[in-house]
Amino acid sequence: MKEINKQLKKEALLTALLYVLFFIWWYATAYGFADSPVRVLGLPLWFFLSCIVGWLLCVAGTVILVKKGFKNIDLNQFDEDPNATTQTANDGEEAHHA
Amino acid sequence: MHNIPVIIPIIVYLLLMLVIAAYTSRLGRKKGGGFLEEYFIGSRSLGAFVLAMTIIATFVSASSFIGGPGVAYSTGLAWVLLSMIQVPTAFLTLGVLGKKFAIIARRIKAVTVTDYLYARYQSKAVVFVASLAILAFFTAMMVAQFIGGGVLFQNMTGYSYLTGLILFGLIVIIYTTVGGFRAVVFTDAIQAVVMVVATVTITCAIIKAGGGVESIVDRIAAANPSMLDANAVPKPQILSFWVLVGIGLLGLPQTTVRAMSFKDTKALHNSIIIGTVVVGFLMLGMHLAGFFSAGVLAGTPETSDSVIPMIVMQVLPSFWAGIFLAGPLAAIMSTVSSLLILASAAIIKDMLLRFGKKQYDNRQLKKISILCTAVIGVITFLCAVKPPDLIVWINLFAMGGLEAAFFWPTVLGLFWRRANASGAICSAIGGVATFLILGGLGFSFHGMNNIIFGLAVGLVFFIIGTYLGPKPSDRVNEMFFE
């Protein structure tokens, strides 16, 4: 279980990292190119980079995140944990375990 | 003026929802298992596509289809930029909370976020505060969604507000009540697809009517150059949305509870990708549609909420307008259904079973759960019959309130060993009070959303409260951190 918790912490941190990267891209391109007169597909460059490219990069980021950073774990092993039954037994929940 | 061709796709769509709900709830019954786990969390069986779609459909509401694009019409591309803050919704929720929630939910048979909070903080006071917040804010949100849908229906079909409300309002109440969580998520999945179709339809029609993106943008820029300005929304305001519709989403129980509902980690991984694709598409498409309307719409809309209905009637033939109208109605129904089933869970699972002394068997549980869902549904429906206005703001107010209540207890509960019940209660009460009082006073700091202050106070209160209380027990430590 220690191993799994370590992995989960890592996955949460990687997710946060992707989130921060998305924010940086969003902010840097929107405000960094705000004064550029260039238009792409009819839209201002800042908008194209920040909102359209930013979204696509974000999708690419999630692909890398789950393929490289995330690991599959067997969730069924956590069903019917013996500790869980003793833990919840005293607050009136036996009824719906049946 | 009654517009028959508009209403045909709507009726077909609404009937389809009932059929799907009936079919999926039979599917659930065959699976067996406990009633509560089936009715409130669908026996944790969601695959990748349905998981991604239900998160999106729950989160995407009337404001993404009507309110937000209406503001983009008057503010410009900066408001589209703001809407894109929501792209990470799925990966943030599922990536941070997904597996931890899945494991904990299986261990303690949790079906609600409040179950998790109880297991983590071992405190009935936490349960009480959480349930109260859910009931108060969810009701406000459901009423706001119903009102938005009714007004939209009236404007677009010519039938009365009440007719619309009765049509889609009662249908969503019926399928949620009868089918439970499983019907909610499967209809959500279809509704997310309907939203995508609606977004494609309206965006393409507007671009075609305006003679292409290039010439639409030229026209908008000639009339008002600030529409193309990234700085048209002040930075403090737009950055505060990174909290309200950004990281704050980790505090919304209606989306986080879905992290308990998937069947395996493969489904979780894939839905992270699917969800990011689809939510980005919807936000970008609908808000751009609102922005493009500024160069296409003939006439002046009365309020920002009437921009989308007006442009739809202008650029789409009646039948296609009906196809489009299914989109926002889907957004509304999928949000309401998810809130309704959770509000019912808050009463049955979190309050009645937790605080009540009585034992129930599966059959009695089924009866009271269904009755409870129906009663909450009907109450919200009746509230919506006599409507107040401003859907976007009621909606955002409730959203901030939920985040102020749930964000720190949820996140710190998972990632801070020392976090305890006194911290969670101080944080929820202090955060919500700050947010509501500032909102009530009309306080505004450089246009920032008050959620910033709600969460800041919530964090300080959490830390102080935690150090005033005892350390969590070894049992909690073992279950959550070892």
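This one's a predicted model, so the numbers in the text were calculated from it and none came from an experiment.

Undergrad: Could you give me a rundown of the overall build of chain B, with the residues and numbers involved?
TA: Within chain B one finds 20 helices and zero strands. The C-alpha radius of gyration computed for chain B amounts to 22 Å, which stays within 12% of the reference 23 Å derived for 482 residues, consistent with globular compactness. Counting only residues that meet the buried cut, chain B has 65% of its 482 residues in that class. Looking at chain B alone, contacts between residues at least 24 apart form 87% of all its contacts between residues at least 6 apart. Surface exposure of chain B reaches about 15,800 Å², of which carbon and sulfur atoms provide 70%.

Undergrad: Outline the overall build of chain A, supporting the account with residue identities and numerical values.
TA: A count of helices and strands for chain A gives three helices and two strands. For chain A, with 98 residues in total, the buried portion stands at 48%. By sequence separation, contacts in chain A at least 24 residues apart represent 60% of the contacts at least 6 residues apart. Here chain A has roughly 5,200 Å² of accessible surface; of this, 67% comes from carbon and sulfur atoms.

Undergrad: Could you give an account of the interface of chain B and chain A, naming the residues involved and the relevant values?
TA: How big an interface is tends to be stated in terms of the accessible area lost upon association of its parts. Chain B puts 68 residues into the contact, and the matching count from chain A is 55 residues. In terms of surface lost to chain A, no three residues of chain B exceed F91, R107 and W242 of chain B, which account for 12% of the buried area on that side. Applying the counting rule to chain B against chain A returns three salt bridges. A salt bridge links R39 of chain A to E214 of chain B; the shortest N-O distance between them is 3.9 Å. There are 13 residue pairs in polar contact (both at pLDDT 80 or more) connecting chain B and chain A. Those elements giving two or more residues to the side of chain B that touches chain A turn out to be α5 (77–83), α6 (89–108), α10 (213–223), α11 (235–244), α13 (265–293), α15 (318–355), α16 (362–385) and α20 (474–481) of chain B. Sort the elements by how many residues they give to the side of chain B that touches chain A and α13 of chain B lands first, with 13 residues. Its residues assigned to classes, the side of chain B that touches chain A shows 39 nonpolar, twelve polar and 17 charged.

Undergrad: An account of the packing of helix α9 (residues 161–209) of chain B against helix α14 (residues 307–315) of chain B is requested, with residue identities and associated values reported.
TA: Residue and element names in this part refer to chain B. One can describe the packing of α9 onto α14 by two numbers: an axis separation of 10 Å at closest approach and a directional angle of 65°. Crossing geometry of α9 relative to α14 is assigned as left-handed. Each of I202, A205, I206 and A209 in α9 lies in contact with α14, whose residues at this interface are I311, V312 and V315. Looking at the contact of α9 with α14, its residues break down into seven nonpolar, no polar and no charged.

Undergrad: Can you lay out α14 of chain B for me, pointing to particular residues and giving the numbers?
TA: Along an α-helix, residues three or four positions apart point the same way, because every turn accommodates 3.6 residues. Taken as a whole, α14 of chain B has its buried residues at V307, I308, P309, I311, V312 and V315 of chain B. In this structure, the buried side of α14 of chain B is in contact with α4 (62–75), α8 (124–157), α9, α13 and α15 of chain B.

Undergrad: Outline the nonpolar core, supporting the account with residue identities and numerical values.
TA: The tendency in soluble globular proteins is for nonpolar side chains to be buried side by side. F47 of chain A together with V60, I202, F291 and F324 of chain B are the most contacted members of the largest nonpolar core, which has 204 residues in total. Beyond its immediate stretch of four places on either side in the chain, F324 of chain B contacts F65, M156, A198, I202, M286, I308, V312 and L316 of chain B.

Undergrad: Report on the confidence of the model for chain B, specifying residues and quantitative values.
TA: Residue and element names in this part refer to chain B. Counting all residues, the mean pLDDT for chain B is 90, and 96% of those residues have values of 70 or more. Of all the helices and strands in chain B, helix α1 (residues 4–31) carries the lowest mean pLDDT, 83, while α5 carries the highest, 97. As scored by the predictor, the complex reaches a pTM of 0.90 and an ipTM of 0.91.

Undergrad: Outline the packing of aromatic side chains, listing residues and values.
TA: Taken as a whole and assessed by the stated rule, the structure comprises 26 aromatic pairs over all chains. Both rings, one in Y19 of chain A and one in W242 of chain B, keep their centres 5.6 Å apart while their planes meet at 70°; by these two values the pair is edge-to-face. Separated into two different chains, Y19 of chain A in helix α1 (residues 2–32) and W242 of chain B in helix α11 make up a pair that spans both. By the burial criterion, Y19 of chain A is buried, and W242 of chain B matches it. Both rings, one in F291 of chain B and one in F292 of chain B, keep their centres 5.7 Å apart while their planes meet at 50°; by these two values the pair is tilted.

Undergrad: So what's going on with the packing of α1 of chain A against α11 of chain B? Residues and values would help.
TA: Between α1 of chain A and α11 of chain B, the least distance of the axes is 13 Å, while the angle of their chain directions is 160°. With respect to each other, α1 of chain A and α11 of chain B are oriented roughly antiparallel. Regarding α1 of chain A and α11 of chain B, the two cross each other, and that crossing is right-handed. In this structure, α1 of chain A uses Y19, F22, F23, W26, Y27 and Y31 of chain A to contact α11 of chain B, whose residues at the interface are K235, I238, L239 and W242 of chain B. Residue composition of the contact of α1 of chain A with α11 of chain B, by class: nine nonpolar, no polar and one charged.

Undergrad: Pulling in residues and values, what's your account of the environment of L340 of chain B?
TA: All names here are of chain B. When you line up the elements, L340 lands in helix α15. Along the backbone, L340 and L117 are 223 residues apart, and their C-alpha atoms lie at a distance of 20 Å. Once you skip the residues sitting within four places of it in the chain, L340 turns out to touch M142, I173, T176, T373, I376 and G377.

Undergrad: Explain α11 of chain B to me, using residue names and the numbers behind them.
TA: Counting buried positions along α11 of chain B gives seven out of ten residues, so the element sits mostly inside the fold. Taken together, the buried positions of α11 of chain B are occupied by Q237, I238, S240, F241, W242, V243 and L244 of chain B.

Undergrad: Please give an account of a nonpolar patch on the surface that cites residues and values.
TA: All names here are of chain B. On the surface, I4, I8, V12, F319 and W320 cluster together to form a nonpolar patch covering roughly 490 Å² of accessible area. Those elements that place two or more of their residues in the nonpolar patch are α1 and α15. With three residues, the single largest contributor to the nonpolar patch is α1. Summarising the element assignment, I8 is placed in helix α1. Judged by relative accessible area, which is 44%, I8 ranks as partly exposed.

Undergrad: Tell me about the pattern of salt bridges, and please be specific about residues and values.
TA: Throughout the structure, instances matching the rule amount to eight salt bridges over all chains. With a closest N to O distance of 2.8 Å, D218 of chain B and R39 of chain A form a salt bridge. Of this pair, D218 of chain B sits in helix α10 while R39 of chain A is found in strand β1 (residues 39–40), placing the two residues in two different chains.

Undergrad: Explain unusual backbone geometry residue by residue, including any values.
TA: If a residue is not glycine, its phi is most likely negative; likewise, a peptide bond is most likely trans. All names here are of chain B. Phi is positive for R44, which is not a glycine, with a value near 50°. Mapped onto the elements of the fold, R44 is located in the loop between α2 (35–41) and α3 (48–59). Under the relative-accessibility criterion, R44 is labelled buried at 9%. The phi angle at Q122 is positive, at roughly 50°, despite the residue not being glycine.

Conventions adopted
Residues numbered from 1 in each chain as written. Chains lettered and ligands numbered in written order. Predicted model: local features only at pLDDT ≥ 70, side-chain atom pairs only at ≥ 80, totals over all residues. Heavy atoms only, no water. Helix = DSSP H or I, 4+ residues; strand = E, 2+ residues; numbered from the N terminus. Rg over C-alpha atoms; globule rule 2.2 N^0.38 Å. Buried < 20%, exposed > 50% of the residue type's maximum accessible area, 1.4 Å probe, protein only. Contact = heavy atoms within 4.5 Å. Areas by Shrake-Rupley, 256 points an atom, 1.4 Å probe, with all protein chains shown as cover. Buried area = accessible area lost by both parts, 1.4 Å probe. Salt bridge = Lys/Arg side-chain N within 4 Å of Asp/Glu carboxyl O. Polar contact = N/O pair within 3.5 Å; in protein donor to acceptor, adjacent residues only side chain to side chain. Nonpolar A, V, L, I, M, F, W, Y, C, P; charged D, E, K, R; others polar. Axes fitted to C-alpha atoms, helices over the stretch in contact; angles between N-to-C directions. Left-handed = near helix turned anticlockwise from the far one by under 90°. Core = buried A, V, L, I, M, F, W, Y, C linked by side-chain atoms within 4.5 Å. pLDDT = per-residue confidence, 0-100. Phe/Tyr/Trp six-rings, centres within 6.5 Å; stacked < 30°, edge-to-face > 60°. Parallel < 35°, antiparallel > 145°, perpendicular 65-115°, else oblique. Patch = residues over 30% accessible without salt bridge, like charges linked within 9 Å, V, L, I, M, F, W, Y side chains within 5 Å.

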